[in-house]
Amino acid sequence: MMRVLGVDPGSRRTGFGILDDQRGRPVYVACGVVVSLSGTVAERLHRIFAGLAEVIERYKPDVCAVERVFFARNPDSALKLGQARGAVLVALAGAGLPVHEYTALQIKKATVGVGHAGKDQVQHMMRALLGLSARPSADAADALACALCHLHASQGLASRARALSR
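Given the structure is predicted, the values throughout are model-derived calculations rather than measurements. (Residues numbered from 1 in each chain as written. Predicted model: local features only at pLDDT ≥ 70, side-chain atom pairs only at ≥ 80, totals over all residues. Heavy atoms only, no water.)

Engineer: Whenever I open this one, the state of the cysteines confuses me. Can you help?
Structural biologist: Here, the word disulfide means a covalent bond between the sulfur atoms of two cysteines. On inspection of all chains with the given rule, the structure shows 0 disulfides. Of all cysteine sulfurs in the structure, the one in C149 sits closest to C146, which takes part in no disulfide; the separation is 6.4 Å. (Disulfide = S-S within 2.5 Å.)

Take a look at the structure:
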């Protein structure tokens, strides 16, 4: 069994989602959001770091999948998002976890089937695919989708390795 932590970095809301791979089937464990709405930049980044460290300690993932961000509406937003992403990566690296990065296009294509799916579609698919009783928040759904994308990628690589070894 492999436990995956998916992370959707954000300067105000960082989503996380935990999935287990049980014999090739994704099983929901938990999801949520680390909120950092107020305080200085340093305080907000520390809140993201500490929040993820707490999630890692509690759920003990084997591997992490993080959404790779490569655009923002303006330079200030890009800087804030980059700083939040840095806090996320430091928390993951500090825990000694392998980190895999996926673009939003890769994540949406792997989980929704359409690379330019909207947030509502991602929330709906996470609820449907994982058998959740309610829709997760947009940030948590994106993080779950990131974790699910990694599970799909890992299964594809494992299948390919088995085929090549024959």
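The structure having been displayed, the exposition proceeds.
Engineer: Would you explain unusual backbone geometry in this entry?
Structural biologist: Trans is the prevailing form of peptide bonds, just as negative phi is the prevailing case for residues other than glycine. Positive phi, normally seen in glycine, also occurs at R23, with a value near 55 degrees. For R23, the position within the fold is in the loop between β2 (13-22) and β3 (25-35). Overall, the relative accessible area of 88% leaves R23 in the exposed class. Positive phi values are uncommon outside glycine, yet K60 reaches one of about 50 degrees. Note that K60 resides in the loop between α1 (41-59) and β4 (63-68). Exposure remark for K60: the relative accessible area of 52% places this residue in the exposed category. (Helix = DSSP H or I, 4+ residues; strand = E, 2+ residues; numbered from the N terminus. Buried < 20%, exposed > 50% of the residue type's maximum accessible area, 1.4 Å probe, protein only.)

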